[in-house]
Amino acid sequence: MAAPGVAAGGGNWFSALALGVTLLKCLLIPTYHSTDFEVHRNWLAITHSLPISQWYYEATSEWTLDYPPFFAWFEYALSHVAKYFDQEMLNIHNLNYSSSRTLLFQRFSVIFTDALFVYAVHECCKCIDGKKAGKELTEKPKFILSVLLLWNFGLLIVDHIHFQYNGFLFGLMLLSIARLFQKRHMEGALLFAVLLHFKHIYLYVAPAYGIYLLRSYCFTANKPDGSVRWNSFSFIRLISLGLIVFLVSALSLGPFLALNQLPQVLSRLFPFKRGLCHAYWAPNFWALYNALDKVLSVIGLELKLLDPNKIPKASMTSGLVQQFQHTVLPSVTPLATLICTLMAILPSVFCLWFKPQGPRGFLRCLILCALSSFLFGWHVHEKAILLAVLPMSLLSVGKAGDASIFLILTTTGHYSLFPLLFTAPELPIKILLMLLFTIYSISSLKTLFRKEKTLFNWMETFYLLGLAPLEIFCEFVFPFTSWKLKYPFIPLLLTSVYCAVGITYAWFRLYVSVLTDPPVGKTKKQ
Amino acid sequence: MEKWHLMTIVVLIGLTVRWTVSLNSYSGAGKPPMFGDYEAQRHWQEITFNLPVKQWYFNSSDNNLQYWGLDYPPLTAYHSLLCAYVAKFINPDWIELHSSRGYESQAHKLFMRTTVFIADLLIYIPAVVLYCCCLKEISTKKKIANALCILLYPGLILIDYGHFQYNSVSLGFALWGVLGVSCDWDLLGSLAFCLAINYKQMELYHSLPFFCFLLGKCFKKGLKGKGFVLLIKLACTVVASFILCWLPFFTEREQTLQVLRRLFPVDRGLFEDKVANIWCSFSVFLKIKDILPHHIQIIISFCFTFLSLLPACIKLTLQPSPKGFRFTLVSCALSFFLFSFQVHEKSILLVSLPVCLVLSEIPFMSTWFLLVSTFSMLPLLLKDELLMPSVVTTMAFFIACAISFSIFEKTSEEELHLKSFSISLRKYLPCFTFLPRIIQYLFLISVITMVLLTLITVTLEPPQKLPDLFSVLICFVSCLNFLFFLVYFNIIIMWDFKNGRNQKKIN
């Protein structure tokens, strides 16, 4: 990371950063991989050996295909390379098959498809204005941004240890953001439409795209006070946007529509049968809600306000089971979470419509959408925090306030990923990589904004430093205490509640900054 | 230091690479009956923990010296004992006498890897960081870059964290020694170096430059005044630290002699396996091992070693300087590696350490040497199934060096430290101006050969008649490279410093 920084002004620092991280990814090949490894192997097998009509019906393995069709085609394409590595991994009935060649193939497929991510980062760096460029390379916003994105801790451990294909998907997202920054709106819309058909989790940020394209692309002019000039509406632009979305969707879902399988596909994509929280509570609002319920029930029991016999048994092992039954507070339904999410997203979207601030405003709205749905969504995975962290990196190098929010969000968000890796050999790796990323991000952004006031107030500093004792307690002290058998869920509970506080705080601060920012129309007129 | 955070990041990168490499296989994994160095280290823990000190180095029914008998100096044994106490606390099965032989499990591997990691973290890495901070005449950024390159040197990482050894302890102590002696804390320096020798006898490769440098210092201060006091102090420090380390073995004469016999097994032969030194390479043409009687082999190797390191050592004694000291360390260690008796392929690390120290002065040549040194251990690494980490860490190291020092732009005579040599040469050969060009071409040829040989070794099966063909080729090529480096470093030592002062005046 620091190596290219030292080559004073060499033009190839970017490739050095990218190569460096690629080599690190290669070193991570022998690390632990989760069941997602088997998920993707199974999908390779399904797409390779079955006709399209059975892709979304096949259920030999419990890991059925539940990503949109483009991802299935992606696996199909991969499987044609995979057959040269090991034919056996393409057999549907070879459950949990993992030869060394399979491992190599799967790991390298992630590393190679990350090339798209690298390209996207390269494009993003072009969108950063270099006004504040320091003399030294390491202090330039471009350099810092590319390190923050390429060496992102979360992406490294989720993709290259835990095993998933987020790299190239985020590549698509960052590329489409970069295209919007470059005023190539059609391309941006196309990329995002394609992305949606790769992984539908990106629907969370679709409102930002929709409103932004409608407001700032379909309406070609503003009134002097920044409000919308209705007669400047361009029908051609709207239709071409619609056409793009329609064509992409037709390409993806068309075959299944023709086979009359659309309901089946959709039921696989949106399984509402799962619980409110994932096995490990993602650090969101519901984690706080559950924890509050827990505290209240304990207090209730102590004060004899609750009848012990009526308390559901599962609540004692909360954090380990999927279904969490509330004892005191009302239970949460999917509809309630949907309403909460929409309520949380709405103000930011309104802001995007009434106070358009160009691509930066769009980016803020996108991050708020991602964060709001992370905080209030149904069955959220902790990995989804990357959806906010990566775009936030783009903002962080622009303004001191954003940098401060970014650091809180990233540090807590990344820390909340720790339970993903629970095996002993990976413990040093996650700690070292986390330290590496956190120290770099904090020190570099501090250097970048050294003229401004300090990035953190005492409370934030205290909170972030608190992560260290939390980690020491959860992974080094707790396993040796007698509570380990009685309350095995405590480390996970503590982690998710502690991180939920930080993430909610970051969300709140970002919201405040978006809502209180002066409308750009008065200061900067197009 | 204002860039402390960058230094922290560099250290963290070094640690991350080390730990990820350690996830790979180790020497002799699942290969009974003898296993490999991993089992040797575990066995030493078993021996030192269960047997009284007096029996450690002796053959007995409990201590079969044929099965990885202890053949390192006492400090290694104490270190094993310390690890054994921790092992006992975690899982007593790991060090049970007799029954733990060949013990292998994921948890045990994790434990062993952690011991290496901690030793490295405590001894070698602080020394590297401090050394880089103490470097003079270069910017802070260059210091950090230098630390990054040294910490990423693949040879040491692969041997310690892949193959499994504790080289970072002895090399770390040696580095503390270099640091101390160069910063004029002579007593501390010599103490650290004594610890290094007492951890691994191979550190004797470095002993002559230490001796000559300190002696030179004493001479400089005047043998009748301050110099004499310093000499006495140094002698006392060395003797005292040796006595301290060897205390349990000084009780009986036989004990001491037995340890020495274990440390220097002269009856083992001129070289073992495939080593990239002169004797092994020469055996391709003539089987010296079989033709010459044993004692003659010893004498020949001694003479060659002595002759090849003599000039540099004399020079250092007469003109002691920290810079000259570092270069003499390189050339002496290289002479030992190439010519001395009973050399292991891993001993090249003893040359690599001082080369790492001159990385900032002659980046191009040092990087080249360090690449060759890693390459020379390829047969060993392949045997341990470490191909992937070897390739990756070597590339990472190369990129780090290439970018930090922009090595390809630093090939002028000046930057190769060959200015005065070519000036002297031009007195006889006026048209001799193409030296840098030659060196660039040599580098290209060398790198291409290494890459090709690696590819061939990995992909092709050797012919049945010559199963060792590729490893012998690798040794031969590396040996040629090393010979070239020996000549180069001696030229630098003999010519460069002579005119060093004059050049500065001109500038």
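Given the structure is predicted, the values throughout are model-derived calculations rather than measurements.

Procedures and definitions
- Residues numbered from 1 in each chain as written.
- Chains lettered and ligands numbered in written order.
- Predicted model: local features only at pLDDT ≥ 70, side-chain atom pairs only at ≥ 80, totals over all residues.
- Heavy atoms only, no water.
- Helix = DSSP H or I, 4+ residues; strand = E, 2+ residues; numbered from the N terminus.
- Contact = heavy atoms within 4.5 Å.
- Polar contact = N/O pair within 3.5 Å; in protein donor to acceptor, adjacent residues only side chain to side chain.
- Buried < 20%, exposed > 50% of the residue type's maximum accessible area, 1.4 Å probe, protein only.
- Phe/Tyr/Trp six-rings, centres within 6.5 Å; stacked < 30°, edge-to-face > 60°.
- Lys NZ or Arg CZ within 6 Å of the ring centre and 35° of its normal.
- Axes fitted to C-alpha atoms, helices over the stretch in contact; angles between N-to-C directions.
- Parallel < 35°, antiparallel > 145°, perpendicular 65-115°, else oblique.
- Nonpolar A, V, L, I, M, F, W, Y, C, P; charged D, E, K, R; others polar.
- Core = buried A, V, L, I, M, F, W, Y, C linked by side-chain atoms within 4.5 Å.
- Domains from an automatic or database assignment.
- Buried area = accessible area lost by both parts, 1.4 Å probe.
- Salt bridge = Lys/Arg side-chain N within 4 Å of Asp/Glu carboxyl O.
- Disulfide = S-S within 2.5 Å.
- Expected span 1.5 Å × (residues − 1).
- pLDDT = per-residue confidence, 0-100.
- Left-handed = near helix turned anticlockwise from the far one by under 90°.

Moving on, we get to the environment of Ser234(A). All names here are of chain A. Counting through the fold element by element, Ser-234 comes out in the loop between α11 (206-218) and α12 (235-258). Separated by 16 residues in the primary sequence, Ser-234 and Cys-218 place their C-alpha atoms 5.3 Å from one another. Not counting chain neighbours up to four residues away, the residues in contact with Ser-234 comprise Cys-218 and Thr-220. In this structure the side chain of Ser-234 is engaged in a polar contact, spanning 3.2 Å, whose partner is the backbone nitrogen of Arg-237.

Moving on, we come to unusual backbone geometry. Residue Pro33(B) is reached from Pro32(B) by a cis peptide bond, and omega for that bond is 5°. Relative to the assigned elements, Pro33(B) resides in the loop between α1 (4-22) and α2 (37-50). Here the phi dihedral of Asn260(A) falls at roughly 65°; this positive angle occurs in a residue that is not glycine. Examined against the element boundaries, Asn260(A) turns out to sit in the loop between α12 and α13 (262-269). What makes Asn260(A) exposed here is its relative accessible area of 66%. Phi is positive for Trp68(B), which is not a glycine, with a value near 50°. By the secondary structure assignment, Trp68(B) is in the loop between α2 and α3 (74-90). According to the relative accessible area criterion, Trp68(B) is partly exposed, its value standing at 25%.

The subject of this paragraph is the packing of aromatic side chains. A complete count under the given rule lists 79 aromatic pairs over all chains for this structure. Pairing Phe285(B) with Phe476(B) gives two aromatic rings, centres 5.9 Å apart and planes at 75°, and the pair type is edge-to-face. A residue pair is termed long-range when its members are at least 10 positions apart, and Phe285(B) in the loop between α12 (278-282) and α13 (288-291) and Phe476(B) in helix α22 (residues 469-495) qualify at 191 residues. The ring of Trp353(A) is capped by Arg215(A), whose NZ or CZ atom sits 5.9 Å from the centre of that ring.

Before going further, it helps to spend a moment on the side chain of Asn284(A). Residues and elements named next belong to chain A. Tracing the backbone through its elements, the reader meets Asn-284 in the loop between α13 and α14 (285-302). From its side chain, Asn-284 meets the backbone oxygen of Phe-374 in a polar contact 3.0 Å long. With sequence-adjacent residues up to four places away left out, Asn-284 is seen in contact with Phe-374, Leu-375, Gly-377, Val-380 and Ala-500.

All names here are of chain B. For the pair helix α14 (residues 294-318) and helix α15 (residues 322-339), interaxial distance at closest approach is 9 Å and the crossing angle is 175°. On the basis of the axis angle, α14 is roughly antiparallel to α15. Seen from α14, the contacting residues are Ser-301, Phe-304, Thr-305, Ser-308, Leu-309, Ala-312, Cys-313 and Leu-316; seen from α15, they are Gly-324, Phe-325, Thr-328, Ser-331, Cys-332, Ser-335, Phe-336 and Phe-339. Per-class residue counts for the contact of α14 with α15 are nine nonpolar, seven polar and no charged.

Of all hydrophobic cores here, the largest spans 326 residues; its most connected members are Ile177(A) and Leu445(A). At 13 residues, the largest contribution of residues to this core is made by helix α4 (residues 106-134) of chain B. Taken domain by domain, the makeup of this core includes at least three residues from each of domain 1 (28-269) and domain 2 (285-516) of chain A. Those residues in contact with Leu445(A) that sit more than four places away from it in its chain are Ile144(A), Ser396(A), Val397(A), Ala403(A), Phe406(A), Leu407(A) and Leu455(A).

In this complex, chain A contributes 34 residues to the contact, which on the side of chain B involves 32 residues. Both sides together, the interface formed by chain A and chain B hides about 2,800 Å², and carbon and sulfur atoms give 83% of it. Counting across the chain A and chain B interface gives zero salt bridges. Counting the contacts that link chain A with chain B gives two residue pairs in polar contact (both at pLDDT 80 or more). Elements with a contribution of two residues or more to the side of chain A that touches chain B: α1 (3-6), α2 (13-27) and α19 (426-448) of chain A. Here the element with the most residues in the side of chain A that touches chain B is α19(A); it accounts for ten residues. Partitioning the side of chain A that touches chain B into residue classes produces 26 nonpolar, five polar and three charged.

Attention shifts here to the domain arrangement of chain A. Residue and element names in this part refer to chain A. Once the domains are mapped, chain A shows domain 1 (28-269) and domain 2 (285-516). Put simply, the middle of domain 1 and the middle of domain 2, counted by C-alpha atoms, are 24 Å apart. Broken down residue by residue, the surface that domain 1 buries against domain 2 is led by Leu-148, Phe-153 and Tyr-204, which jointly contribute 16%. Across the contact surface, domain 1 and domain 2 share two salt bridges. Where domain 1 packs against domain 2, one counts five residue pairs in polar contact (both at pLDDT 80 or more). Mapped onto the side of domain 1 that touches domain 2, the elements with two or more residues apiece are α7 (141-150), α8 (153-163), α9 (166-181) and α11. Considering only residue class, the side of domain 1 that touches domain 2 consists of 36 nonpolar, nine polar and five charged.

Attention now goes to the environment of Ile125(B). Residues and elements named next belong to chain B. For Ile-125, the position within the fold is in helix α4. Taking the C-alpha atoms as reference points, Ile-125 and Val-169, separated by 44 residues in sequence, lie 9.9 Å from one another. Once you skip the residues sitting within four places of it in the chain, Ile-125 turns out to touch Val-11, Leu-15, Arg-18, Asp-120 and Leu-151.

This paragraph deals with the state of the cysteines. Residues and elements named next belong to chain B. Overall, the coordinates contain zero disulfides over all chains when judged by the stated rule. Left unpaired, Cys-132 is separated from the closest cysteine sulfur, that of Cys-133, by 7.0 Å. For Cys-132, a relative accessible area of 0% gives the class buried. Free cysteine Cys-313: the closest other cysteine sulfur is in Cys-332, separated by 3.5 Å.

For Asp71(B), the position within the fold is in the loop between α2 and α3. The contacts of Asp71(B), once residues within four sequence positions are left out, are Trp44(B), Gln201(B), Arg262(B), Leu263(B) and Arg268(B).

Residues and elements named next belong to chain A. Across its 14 residues, helix α5 (residues 69-82) extends 19 Å between first and last C-alpha, which sits within 8% of the 20 Å expected from 1.5 Å per residue. Listed in full, the buried residues belonging to α5 are Pro-69, Phe-70, Phe-71, Ala-72, Phe-74, Glu-75, Leu-78, Ser-79 and Ala-82. Residues of α5 that are buried make contact with α3 (35-49), α4 (52-55), α6 (100-126), α9, α10 (185-196) and α12.

This paragraph deals with the confidence of the model for chain A. With 90% of its residues at a pLDDT of at least 70, chain A reaches an overall mean of 87. Residue range residues 314-322 of chain A is modelled with pLDDT below 50. Its contacts to residues more than four positions away, or to other chains, number 25 contacts.

Bringing helix α18 (residues 400-415) of chain A into the picture now. Since the α-helix advances by 3.6 residues per turn, residues separated by three or four positions end up pointing in the same direction. A rise of 1.5 Å per residue sets the reference length of α18(A), with its 16 residues, at 22 Å; its end C-alpha atoms lie 22 Å apart and thus fit the reference within 8%. With 15 of 16 residues buried, α18(A) is to be regarded as a mostly interior element.

This part covers the packing of α1(B) against helix α6 (residues 154-164) of chain B. All names here are of chain B. Two elements in contact, α1 and α6, have axes whose closest approach is 8 Å; the angle formed by their N-to-C orientations is 45°. Taken together, the axis directions place α1 and α6 in an arrangement best described as oblique. Crossing angle aside, the handedness with which α1 passes α6 is right-handed. Seen from α1, the contacting residues are Val-17, Arg-18, Val-21 and Ser-22; seen from α6, they are Ile-157, Leu-158, Tyr-161 and Gly-162. Its residues assigned to classes, the contact of α1 with α6 shows five nonpolar, two polar and one charged.

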